[in-house]
Amino acid sequence: QVQLVESGGGLVQAGGSLRLSCAASGRSFSNVAMAWFRQAPGKEREFVAAITWSGNTYYADSVKARFTISRDNTKNTVYLQMNSLKPEDTAVYYCAADPQGNYYYAPSYDYWGQGTQVTVSS
């Protein structure tokens, strides 16, 4: 059974940092892209960042220069380092893997985690 399990969310003040982790099990994801999306209340799920199997990275403009996506294929884990957090970053953050098309498009992804809440207070 394939599972993606996110961790590391929480409550942080504006300007603070958090590191999210997404641990995969059930199969290796070392040869596919993985990504982070987020969804705020009343809003659609939006792309945050993606990383290919070779380490190429892509970011939403809203998080560029503040967030860093990375992966450790030996641990089957992807990370999202979030710095200089803003209240508008508040959302449930989801890990996704193995896109069948556009990295930026949520329906492209076959596998999803259950999400982890990130709340940034002002």
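Residues numbered from 1 in each chain as written. Predicted model: local features only at pLDDT ≥ 70, side-chain atom pairs only at ≥ 80, totals over all residues. Heavy atoms only, no water.

Caption draft 1: Here's a closer look at the nonpolar core. In terms of nonpolar packing, the biggest core is built from 36 residues, with Trp36, Leu80, Met82 and Tyr93 touching the most fellow members. Every element with two or more residues in this core is listed here: β3 (18-25), β4 (34-39), β5 (46-51), β7 (67-72), β8 (77-82), β9 (91-99) and β11 (116-121). In this view, Leu80 contacts Leu18, Arg19, Leu20, Trp36, Val48, Ala49, Phe67, Thr68, Ile69 and Tyr93; residues no more than four positions away in its chain are not counted. (Core = buried A, V, L, I, M, F, W, Y, C linked by side-chain atoms within 4.5 Å. Buried < 20%, exposed > 50% of the residue type's maximum accessible area, 1.4 Å probe, protein only. Helix = DSSP H or I, 4+ residues; strand = E, 2+ residues; numbered from the N terminus. Contact = heavy atoms within 4.5 Å.)

Caption draft 2: Spotlight on unusual backbone geometry. Residues other than glycine seldom take positive phi values, yet Asn76 does so here, at roughly 55 degrees. The residue Asn76 is located in the loop between β7 and β8 in this model. A relative accessible area of 13% means that Asn76 is categorised as buried. One non-glycine residue, Ser84, lies in the positive phi region at around 50 degrees. Structurally, Ser84 can be placed in the loop between β8 and β9.

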